Amino acid sequence: MATIPRATHLRKLFQTSSTDGSDALKAAVAVYSNFLCQTWKAGWAHASLARNIDKSDPSKSEDICELDRHVAMSYSYILAASERYFEFMRMQKERDTESGKERDGKYYVPTRDISVAWCADLLRRNSSGNDGVAIEDNQDIHGDRWFFHQQHRLLQSGGTYDHITAHRWSIVDALKDGVAWGMATGLVTNNPIAAGGAAAAGAVRGALRKESGVAVTPELRAFDVDDSGIVTAEECDEMLEPWLAQYQETEEDWKKRTMTKYRVDHDVSDHRPARLYSKNCDPVELVADAIKEQSQFVSRVLSLGPSIITDSFVDSAVVKYIKFLHLARNNPDEMLVPTLDVDLVWRAHMLSPVDYRKDTKALCGRVLPHKNDYDRENLEDALENTQRAWFDQYGTHFLENQPEVGNIDDVIICNKYDNGYHDGKKNGKEKDQSKEDERVFGLNALS
């Protein structure tokens, strides 16, 4: 029986070197965390406010009070995001089946609000634990495309990774520089000895070429083209150029198709976002409700702040999640409740649906359901049972070393990848947002 998730699709996407899926899960958590940070204002904040709406109460209307107006506007925003997501998927499906473009490796690039709805739909579809859930036409069954886009957003966002400079050994560069220096010196001096010395000096310089950039981590490994352990600005440009071109193509095709703008204003305080459909439909409302439901988890994660969600936090969370899967295998009839760090890894794993189903069936003997709708009494009982089962199996306390979740309004909505610049404020001081966007690779963030 398997002991560690294999995460086959995630390993392939992130090009991790480990034979098990632990590094791939760490990379997935890093990408997912960065995504939550970047999209707080592109859906999750609206959904958090929209949770207050009571659709069963007809007295709720926009003109009752200012709060109700904002609540209704926020709910309209996530409905619009859901509509745009379904339209985006239809557009991608048509492109995939177009003559000459099928399986050409080019994907339309989602905006942040569409990415939020996409994420919510992936998690919604894979929470039941039903191995026979139908995969609909708009479903990215592997989650590969969603992770692919968010992986590129992480690279493009200007994250606060460790900057390093090192010498990279390259026999190809040694030959190039050696030949070039030798030939140039020989032509100028017509002296074979001088030319030989110059060739040797050029070879040494080429062989030990200095390279600067950010240190490779599991989530960045796929962008390290030359396997030097450093992602340089040149490598970043090379990897992002086709993705950015696809974004421009997406924007142009969207405008032609829908006659609406592709990049949306995430501030809905003064206007209602454009709706694509004249009335709501069940799938759109299901995804909008999923965004609302998941926004509570998102706000809890982001409220931890960058001092908590560190590499060591993610490392220990992945280890604890794997132990949690073994606990679920040994307690098939118990309703087990995850801690926040375990839940973060759990959701990142679920965003790769095929991996998740194969891995949990191998580790737990079944596709493990992820329950979201605990009532308070059942939650307390389930948590007590989880703590007892954990202690019996591992001899440690389940809730030890858990970070305190603060008020999201009191902390910077960011993590180590984002460093707070999406809000444009830090510690009450305005920041130069354009400079922050360009701080690492000189790139402008996309909506």
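Small disclaimer: the values here were computed from a predicted structure and weren't measured. Along each chain, the written sequence defines residue order, and numbers are assigned to residues from 1. The predicted nature of this model means local features are confined to residues of pLDDT at least 70 and side-chain atom pairs, given and counted, to a pLDDT of 80 or more, with totals for whole chains, interfaces and linings taken over all residues. To obtain the side-chain values, all non-hydrogen atoms of the structure were used and water was disregarded.

(A) Quick peek at the pattern of salt bridges. A pairing counts as a salt bridge when a side-chain nitrogen of Lys or Arg comes within 4 Å of a carboxyl oxygen of Asp or Glu. Counted according to the given criterion, the structure contains 13 salt bridges. In this structure, the salt-bridge partner of Asp315 is Lys26, at a minimum N-O distance of 3.5 Å. With Asp315 in helix 11 (residues 311-330) and Lys26 in helix 2 (residues 22-38), this residue pair connects regions lying 289 residues apart in the sequence. Using a 1.4 Å probe on the protein chains alone, a residue whose accessible area is under 20% of its type maximum counts as buried, one over 50% counts as exposed, and one in between counts as partly exposed. The class for Asp315 is partly exposed, based on a relative accessible area of 32%. Measuring nitrogen to oxygen at the nearest pair gives 3.4 Å for the salt bridge that ties Arg388 to Glu384. Here Glu384 and Arg388 lie together in helix 14 (residues 376-394), a separation of four residues that amounts to about one turn. In DSSP terms, a helix is any run of H or I states spanning at least four residues, a strand is any run of E spanning at least two, and both are numbered starting from the N terminus.

(B) Spatial organisation of the environment of Val264. Turning to its location among the elements, Val264 is positioned in the loop between helix 9 (233-258) and helix 10 (282-302). The sequence separation of Val264 and Ala81 amounts to 183 residues, and the corresponding C-alpha distance is 9.5 Å. Here a residue-residue contact requires only that any non-hydrogen atoms of the pair lie within 4.5 Å. Aside from chain neighbours lying at most four places away, what touches Val264 is Tyr77, Arg84 and Asp113.

(C) Structural detail: the packing of aromatic side chains. Put simply, two rings from Phe, Tyr or Trp (the six-membered ring, in Trp's case) pair if the centres are within 6.5 Å, and we call them stacked under 30 degrees between planes, edge-to-face over 60, tilted for the rest. On inspection of all chains with the given rule, the structure shows 13 aromatic pairs. Both rings, one in Phe14 and one in Phe147, keep their centres 6.0 Å apart while their planes meet at 80°; by these two values the pair is edge-to-face. Here Phe147 lies in helix 6 (residues 144-156) and Phe14 lies in helix 1 (residues 8-14), a separation of 133 residues in the sequence. When its relative accessible area of 0% is taken as the criterion, Phe147 is described as buried. A ring pair is formed by Trp390 and Phe398, whose centres lie 4.9 Å apart and whose planes are at 50°; its orientation type is tilted. For the pair Trp390 and Phe398, a shared accessibility class is recorded, and that class is buried. Put simply, the rings of Phe14, Phe35, Trp44, Trp146 and Phe147 pair up and form one aromatic cluster.

(D) Geometry of helix 13 (residues 353-364). Each residue after the first adds 1.5 Å to the expected span of a helix. Here helix 13 spans 16 Å end to end across 12 residues, near enough to the 16 Å set by a 1.5 Å rise per residue. Of the residues making up helix 13, those classed as buried are Pro353, Val354, Asp355, Tyr356, Arg357, Asp359, Thr360, Leu363 and Cys364. Where helix 13 is buried, its residues meet helix 1, helix 5 (112-125), helix 11 and helix 12 (340-350).

(E) Geometry of a negative patch on the surface. Residues enter patches when their relative accessible area tops 30% and they take part in no salt bridge; the joining distance is 9 Å for like charges and 5 Å for the nonpolar side chains Val, Leu, Ile, Met, Phe, Trp and Tyr. All accessibility values rest on the Shrake-Rupley procedure with a 1.4 Å probe; residue burial counts only the protein chains present in the view. By the counting scheme adopted, Arg and Lys are positive, Glu and Asp are negative, and His together with the chain ends is not counted. Working definition for charges: the position is that of NZ of Lys, CZ of Arg, CG of Asp or CD of Glu. On the surface, a cluster of negative charge is contributed by Glu234, Asp237, Glu238 and Glu241. In this fold, Glu234 is placed in helix 9.

(F) Quick peek at the confidence of the model for the protein. As a per-residue measure, pLDDT reflects the predictor's confidence and takes values from 0 up to 100. Per-residue pLDDT for the protein averages 76, and the proportion of residues at 70 or more is 66%. Within the model, the stretch residues 60-64 combines pLDDT values under 50 with 10 contacts to residues more than four positions away or in other chains. Predicted confidence is poor over residues 406-444, with pLDDT under 50, and the contacts of this stretch with residues over four places away or in other chains come to 91 contacts.

(G) Layout of the environment of Pro332. Positionally, Pro332 belongs in the loop between helix 11 and helix 12. Each C-alpha atom, one on Pro332 and one on Cys364, is 8.1 Å from the other, the two residues being 32 residues apart in sequence.

(H) Representation of the packing of helix 2 against helix 10 in the model. Lines fitted to the C-alpha atoms define the axes, with helices restricted to the stretch that makes contact. Angles between their N-to-C directions range from 0 to 180 degrees. One can describe the packing of helix 2 onto helix 10 by two numbers: an axis separation of 10 Å at closest approach and a directional angle of 100°. By the angle between their axes, helix 2 is roughly perpendicular relative to helix 10. Together, Tyr32, Leu36 and Cys37 of helix 2 and Phe297, Val298, Val301 and Leu302 of helix 10 make up the contact between the two elements. Tallied by class, the residues present in the contact of helix 2 with helix 10 amount to seven nonpolar, no polar and no charged. Comment on the angle field: the value is read as roughly parallel under 35 degrees, roughly antiparallel over 145, roughly perpendicular from 65 to 115, and oblique elsewhere. The nonpolar class holds Ala, Val, Leu, Ile, Met, Phe, Trp, Tyr, Cys and Pro. Asp, Glu, Lys and Arg form the charged class, and all remaining residues, Gly among them, are polar.

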